[in-house]
Amino acid sequence: MSEVKLTAQLRTEFGKGAARRVRREDKVPGVLYGHGSQPVHIKLEGHALMMALKTPNVLISLDIEGKQELAIPKDVQRDPLKGFLEHVDLLLVKRGEKVTVEVPVHAEGELAPGGNLLEHVLNALPVDAEATHIPESVSVSVAGLEAGASVLAKDITLPNGVSLAVEEDAVVLQVLAAQAEEPAAGEGEGEEAAEA
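Considering the nonpolar core
- Within the largest apolar cluster, 24 residues are counted, with the highest numbers of intra-cluster contacts made by Ile72, Val93, Val99, Val101, Leu125, Ile156 and Val172.
- Listing elements by their share of this core, those giving two or more residues are β5 (67–78), β6 (85–93), β7 (98–108), β9 (124–130), β10 (138–141) and β13 (171–176).
- By residue number, the principal contributor to this core is β7, which donates four residues.
- If sequence neighbours within four positions are ignored, valine 93 has contacts with His35, Leu59, Leu70, Ala71, Ile72, Val99 and Ala131.
- Grouped together as the second largest cluster of nonpolar side chains are 18 residues, Leu6, Ala52, Val88 and Leu90 included.

Overview of the sheet that holds β5
- Strand order in the closed barrel formed by six strands is β1-β3-β2-β6-β5-β4, and the pairing between neighbours is mixed. Neighbour-to-neighbour, the strand axes of the sheet open up by a mean angle of 45°, direction not taken into account.
- Of the strand pairs in this sheet, β5 and β6 are connected by eight bridges, and their pairing is antiparallel. Bridged to glutamine 77 within β6 is histidine 87.
- Along the sheet, helix α1 (residues 16–24) makes contact with β2 (27–34), β3 (37–45) and β6, crossing β2 at roughly 120°.

Procedures and definitions
- Residues numbered from 1 in each chain as written.
- Predicted model: local features only at pLDDT ≥ 70, side-chain atom pairs only at ≥ 80, totals over all residues.
- Heavy atoms only, no water.
- Core = buried A, V, L, I, M, F, W, Y, C linked by side-chain atoms within 4.5 Å.
- Buried < 20%, exposed > 50% of the residue type's maximum accessible area, 1.4 Å probe, protein only.
- Helix = DSSP H or I, 4+ residues; strand = E, 2+ residues; numbered from the N terminus.
- Contact = heavy atoms within 4.5 Å.
- Pairing = 2+ DSSP bridges.
- Axes fitted to C-alpha atoms, helices over the stretch in contact; angles between N-to-C directions.

And the structure:
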């Protein structure tokens, strides 16, 4: 897992107006919390944070005015139309500490022939992992699966030191049979009447 170094500054102003001023500086307001400590209000350089967040569950090494902290993103708020970062919540972590995160699930292979569809019941799998060794994703082979088959959480091979944070019998992926479109009501009846 990659560790990204970011520089942050403390924020002393709060509220919508203060957050807008921070965003005008091309920075993102954020909160750092965890381990029973008081929340720390910070601002981070927007582009560097956006690039760091492209990696799921990225480990962020923060330099907050000379003080070093490790954190993982807990909640990211984006503008619904433009997509830019509006706010970020970061969770303090320590090396060796276990955290619960959601890891993206990637399906590999081709389903059995017949136009079957793969449904992702869970796009991300909740797992417990050491903060410095969070997997970026987990892969599942769906090669040859037919309609009605499903992949349960317990069927997914996890890296060493990573355990499920969801019930073992939780369905992660399932294969659905392709459904043919039914004719619209009245279409078939009109043709038969015209022939008679």
